Structure formats: structure tokens, C-alpha cells
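Chains, contacts and geometry: an overview
Here is how the chains run, residue by residue.
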Amino acid sequence: MNRNRKAQEEIAGFVLIVVIVAIILLIFLAIFIRKGNTREKNSEDIKQFLESMGEYTTDCNSYSSPNIIDLVKECYQSGDNECENGKNVCIEVNSSINEILKGSWDIGKNKLYAGYFMNISYYSNTTRESIIDIKAGNCSSGIYREGELYTYYGGSGQRASTFLFLQFSQRSTLQSQVFLIGLYHLKLI
Amino acid sequence: MSSRGQLKIQEMAFVLLAIMLFFGIVALIYFALVMNDLREQGKIQSENEANALVKRMISIPEFSWTKQCSTCIDHDKILALKYVELYNKTKEEFWNLDYLAIEQIYPKKAGGECMNGNYPNCNITTVISKKINYGKTSFAYVALCRWNNDKNQNICELARIVVSSKDVKDE
């Protein structure tokens, strides 16, 4: 009788171990699958957005063309320059980019995106100088998309980097974004 | 004796349960990995097709602005294209598209669909719009450029080109 009881205990122990291992594996699996769908680096459409934004014509006519990309360069090289309307080039370009981001990405608690962060920096071989930093909303959770665009100028590896980080709301995922875009177009059609 | 037999049956049942559970989990992990990989591949394939289609549309002479700007398209040309009757009859077949439109993103304007009467104070220029069986829509951000008489200069605004083709299927 004692032997039977011992065998039963062993079997119960074995089943328990199998169940525990199974649960651990399932947790790992869930994390693995979830991770793949919630972060998107080097997003192609964000790059396109940044490239198109660079061509945007502002109201600031100065020495360079009034396009954002040229004004950012002018702000970096001669930050004291002024537009035709007397405003500082750097202030004007900062305000234009801010307005574009506000108008292009709808952020908020119940929106698809919770926040965004944008940085434009100039790099040489040894230094990095941040020209524009814009942040809005909440950018803290791990669900995001980001894209970076490099513009080369000068011969010795000098480049400007335009980086945009978009933070999804907690309840959003990349799938829900695709779904929303689908709905948006459906509505338009 | 019968109690021992019962124990053996119980033992076998537990072992069978454990084996099934084990193989079930292995199969689950395998299929999850395969499905994840397939989904990724499908997504990449679908994105590539959509991107290629949109890039092709941006670069065609009917849309392009200048060679120096790869994301710029000419709003004047697109509006003109909308009204070319000969094109209107054949362009669906020519481009094999169900839907083709340019949507203004920034700055937002008061007008809706772009027409000769309200241009350029409008938000959407629909070039092709078949009303049935749309394929998957895909889009690309573009700079929508035109000549501005008041400012006497070219100006570019932020927009996106939205394309739908039956050839580009959902993943």
C-alpha cells in the first residue's frame, strides 16, 4: 500500500512539473509573439513623411529657399539670420515643424498615438549638434514606430539626421493602426 | 489485485496525458513560430508591393515635379489629369488601379474634393475611383507642389498619395 502511494505521488509530481514547464513556455511564447508586433524600427512610411516634410514650403523667405530642409541647414550654419518678416530663422523653422507635426499626427489618450518625439541633428566625424527637439504627449511605453532620414552634405561625412519617434497609445498595436488606416480609407471611398 | 490494476491504469493515463501535453506544446510552439514567420513575410511582401506601386506612381511623368525631388508631385498636372476625358476612359486599365487619390495632410483646407472651381483650396484630388471591389489601399507621403501666383513662387505642402489595386492583396 505504501509503495502504491509513493508511485502515485511520483506521477503527480511528474505531471506537475510538465504543467509548470508548459506554462513557462507559453509565457515565453506569448512575450515573443507580442514583441514582434509592437515595435517598428526604420519605418518606411515615416522616412517618406520626413522626406516630404523637408520639402514643405514655409512662410520664411531668407537667404536659402523657404523649404524646411534648407531652413534647418541655414539655422545650423547661421542661426542669427532672419526671415523676410523679421523673425529668426531657427524660431520660424521650429514653429513650422511643430505645426506640421501637430497637424499630421493626432495624439491623445483615446487616439491611436499617445505622443511623438522628433530630433534633427547635424553630425560631423566627431561631433553631434542637436538643432531641433520637439516632444509632445506621452512617450513612455514600449509600443512604438520610428524612422530616421539622413541627408549628406559636404565631403567629410557631414550629415543631418531627422528622427521621428511615434508612441502608440497603450491599447493600440500595429495591427490596430493598419485597421484604422483601412477604416479611414473606407470612409473616404 | 484490482487496486494494483487500477493504479497501473491511472499511471498510464497520467503518462499519456503528459506525453500529449508535451507534444501539444511542442506543436503549438512550432506552429506559432511558423505562423509568425509567415505573417512577417506576408507583411513584408505586401508592403514591398504597395511601396513599389506607390513609388511607380510618384515617378511617372504625369505626376512628377522635378528630378531633384523624389517625393514631390505636381498638383497642377494631377488636377489637369482628372479632367482629361480620353485619359478618364482608359486610365483604369492603363494603370490597373481601382482607386487613386491625393489627400492633403498639412495644411488642412476648407474645401473637399479638388475641382477647377475651388482649386487649390481643397483637400482631396480623386483621379480614379471605381466603386466596387477595391483591393488593399496603400499610401505614401508626398510633397504636393504647385506654382503659387500670389507668392510668385513654387510651394510644396504635405500630402499622401493613396492607391488601391486588385493586384496588391491583403497579407
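Structure: above.
Our subject in this report is the structure included herewith. Chains are numbered independently. Their residues run from 1 in the order of the written sequence. Going through the entries in the order they are written, you letter the chains from A and number the ligands from 1. Totals for whole chains, interfaces and linings use every residue, but because this is a predicted model, local features are given only for residues with pLDDT of at least 70 and side-chain atom pairs only at 80 or more, for both listing and counting. Excluded from the side-chain calculations are hydrogens and water; all other atoms, namely the structure's heavy atoms, are used.

**Focus on helix H2 (residues 44–54) of chain A**
Stated precisely, the cut-off is as follows: Categorising residues by exposure relies on relative accessible area from a 1.4 Å probe, with only protein chains included: less than 20% of the type maximum marks a residue as buried, more than 50% marks it as exposed, and the intermediate range marks it as partly exposed. Think of it this way: any DSSP run of H or I at least four residues long counts as a helix, any run of E at least two long counts as a strand, and we number them from the N terminus.
The buried count for H2 of chain A comes to eight of eleven residues, which makes it a mostly enclosed element. Looking at H2 of chain A, one finds that the buried residues are Asp45, Ile46, Gln48, Phe49, Leu50, Ser52, Met53 and Gly54 of chain A.

**Some thoughts on unusual backbone geometry**
Residue and element names in this part refer to chain B. Look at the link from tyrosine 106 to proline 107: it is a cis peptide, with omega at -5°. Residue proline 120 follows tyrosine 119 across a cis peptide bond; omega there is 5°. Residue placement: proline 120 occurs in the loop between strand S2 (99–106) and strand S3 (124–129). Despite not being glycine, asparagine 152 shows a phi value in the positive range, around 60°. As for its position among the elements, asparagine 152 is in the loop between strand S4 (136–148) and strand S5 (153–165).

**Topic: the pairing of strand S2 (residues 113–123) of chain A**
All names here are of chain A. Applied cut-off: Pairing between two strands requires that DSSP report at least two bridges joining them.
Among the eleven residues that make up S2, ten are buried, leaving the element largely enclosed by the rest of the structure. Taken together, the ten bridges between S2 and strand S5 (residues 159–168) define a ladder with antiparallel strand orientation. Across the sheet, the residue bridging to serine 121 is serine 161, located in S5. Across nine bridges, the pairing between S2 and strand S3 (residues 128–137) is antiparallel. Within S3, the residue paired with isoleucine 120 across the bridge is isoleucine 132. Counting the residues that bridge the hairpin from S2 to S3 gives four residues.

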